[in-house]
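# Residue-level structural notes
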Amino acid sequence: MSPSFLLLLIPIIPLSLLAILSLIVRPKPIRIPIKSRHVFITGGSSGIGLALAHRAASEGARVSILARSPQKLEEAKQSIKLATGVEVAIFSADVRDYDAVSKAVEESGPIDVLIVNQGVFTARELEKHSVEDVRFTIEVNLVGSFNVIKAALPRMKGREGRGPGSISLVSSQAGQVGVYGYAAYSASKFGLQGLAQSLQQEVVADDIHVTLVFPPDTDTPGFEEEQKSRPEVTAIIAASSGSMKTEEVARRAMNGIKAGKFTVSCNFEGFLLSLATTGMSPQRSFWLAFLEVITAGPIRLVALFFQWDWYNAIEKWSKTKNK
Ligand SMILES: NC(=O)C1=CN([C@@H]2O[C@H](COP(=O)(O)OP(=O)(O)OC[C@H]3O[C@@H](n4cnc5c(N)ncnc54)[C@H](OP(=O)(O)O)[C@@H]3O)[C@@H](O)[C@H]2O)C=CC1
Ligand SMILES: CCCCCCCCCCCCCCCC(=O)[C@@H](N)CO
């Protein structure tokens, strides 16, 4: 065989890998329409949820939002009305209360796109974190998400002829990697990964598609509150991924939902983090599957450098603190 013929063989390897991946990626690619659909958003009265509600309304959806404070809900309703002319439906309920959530979901009518976004966060060393607050974090972020999905699912499954449905969950980059100060929060968000992976297998036959969104620090009212008491080293580690504007996170999240992605990252560092933590997640895109396969080794090396950097920061910080 001539050397030039051998050279021709080189592109055959990636091309055949791409071809194989395009045949095997599951679930199959899907697009989720937003216009004229019913979008139901928990935690839709503030921050990322409110920005998502604005987007959905401006894209022509019928929008319902759920949160606890009736006053914040009313303010959100007015702000969306003012910006888009759309009248959103508001529901006051605590996601920890299954009956209250059920009632709201029932009243709102069949849901096409469910966005489970409510969340609470306090960054604190586990040693200093009260058991009550640990439990509160897990009950709102994780158990609350189960409540919302369980309440909405029967009616979502019955939506015959209404097109593909979506169940989307707002996690966090702290739901992909554990971070100092986030033991309770990370645990609550890692739980969503298991919930989402299992759920996708259970609802795929009903044309319902699951999306997990992983934002970095985002300039929301909740984040402003968190920053008042966040340990310095938590802020240092979180800064590896920078911070984002609420509207930009909502834009990325909505695009990811519409593209039917299982995993949605919001910035470049988040994209690396998703590659590094992809594990056994479903992947609908053969391009991304290809990238995952060829970067698997190198991305692990990058991840180890990040851990090296973080442990150095922790070591330095604990020395100055103990002086
Ligand atoms: N901001 C950030 O830096 C990041 C945030 N995230 C995640 O994004 C999501 C939204 O966060 P963000 O916009 O910052 O938060 P905000 O605190 O600004 O808003 C939280 C929303 O959730 C509602 N909510 C809180 N607890 C409950 C409850 N028990 N039952 C019903 N609704 C509830 C709040 O309304 P009310 O209090 O009236 O109930 C509010 O509408 C969360 O899941 C968070 O973990 C992820 C990564 C980064
Ligand atoms: C290959 C490896 C690349 C790794 C780079 C990624 C760095 C990740 C940093 C973790 C940031 C955690 C932010 C949590 C934000 C949040 O949820 C709180 N603000 C509470 O809302």
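Residues numbered from 1 in each chain as written. Chains lettered and ligands numbered in written order. Predicted model: local features only at pLDDT ≥ 70, side-chain atom pairs only at ≥ 80, totals over all residues. Heavy atoms only, no water.

Counted under the stated rule, the structure contains seven aromatic pairs. Ring centres of Tyr180 and Trp317 lie 5.7 Å apart, and the angle between their planes is 85°; on these two criteria the pair is classed as edge-to-face. A residue pair is termed long-range when its members are at least 10 positions apart, and Tyr180 in the loop between β5 (165–170) and α7 (183–203) and Trp317 in helix α12 (residues 286–321) qualify at 137 residues. Under the relative-accessibility criterion, Tyr180 is labelled partly exposed at 23%. Relative accessible area serves as the criterion here: at 13%, Trp317 is assigned to the buried category. Taken together, Phe121, Tyr182 and Tyr185 form an aromatic cluster joined through their ring pairs. (Phe/Tyr/Trp six-rings, centres within 6.5 Å; stacked < 30°, edge-to-face > 60°. Helix = DSSP H or I, 4+ residues; strand = E, 2+ residues; numbered from the N terminus. Buried < 20%, exposed > 50% of the residue type's maximum accessible area, 1.4 Å probe, protein only.)

Per the UniProt record, the feature "domain: Ketoreductase" (unreviewed entry) sits at residues 37–207. Between the C-alpha atoms that bound residues 37–207 the distance is 15 Å, and the span itself is 50% helix and 15% strand. (UniProt positions renumbered as here; feature names shortened; annotations may be inferred.)

Core analysis: the largest hydrophobic core is formed by 32 residues, its most contacted members being Leu114, Ile149, Ile167 and Leu169. Counting only elements with at least two residues in this core, the list comes to α5 (98–108), β4 (113–116), α6 (131–157), β5, α7 and β6 (208–214). No other element matches the eight residues that α6 contributes to this core. Those residues in contact with Ile167 that sit more than four places away from it in its chain are Leu114, Ile149, Leu153, Met156, Leu199, Ile208, His209, Val210 and Thr211. (Core = buried A, V, L, I, M, F, W, Y, C linked by side-chain atoms within 4.5 Å. Contact = heavy atoms within 4.5 Å.)

Take the side chain of Asn147 next. Residue placement: Asn147 occurs in helix α6. Assessed through its relative accessible area of 13%, Asn147 is described here as buried. Beyond its immediate chain neighbours, meaning those up to four positions away, Asn147 contacts Val95, Arg96, Asp97, Tyr98 and Val101.

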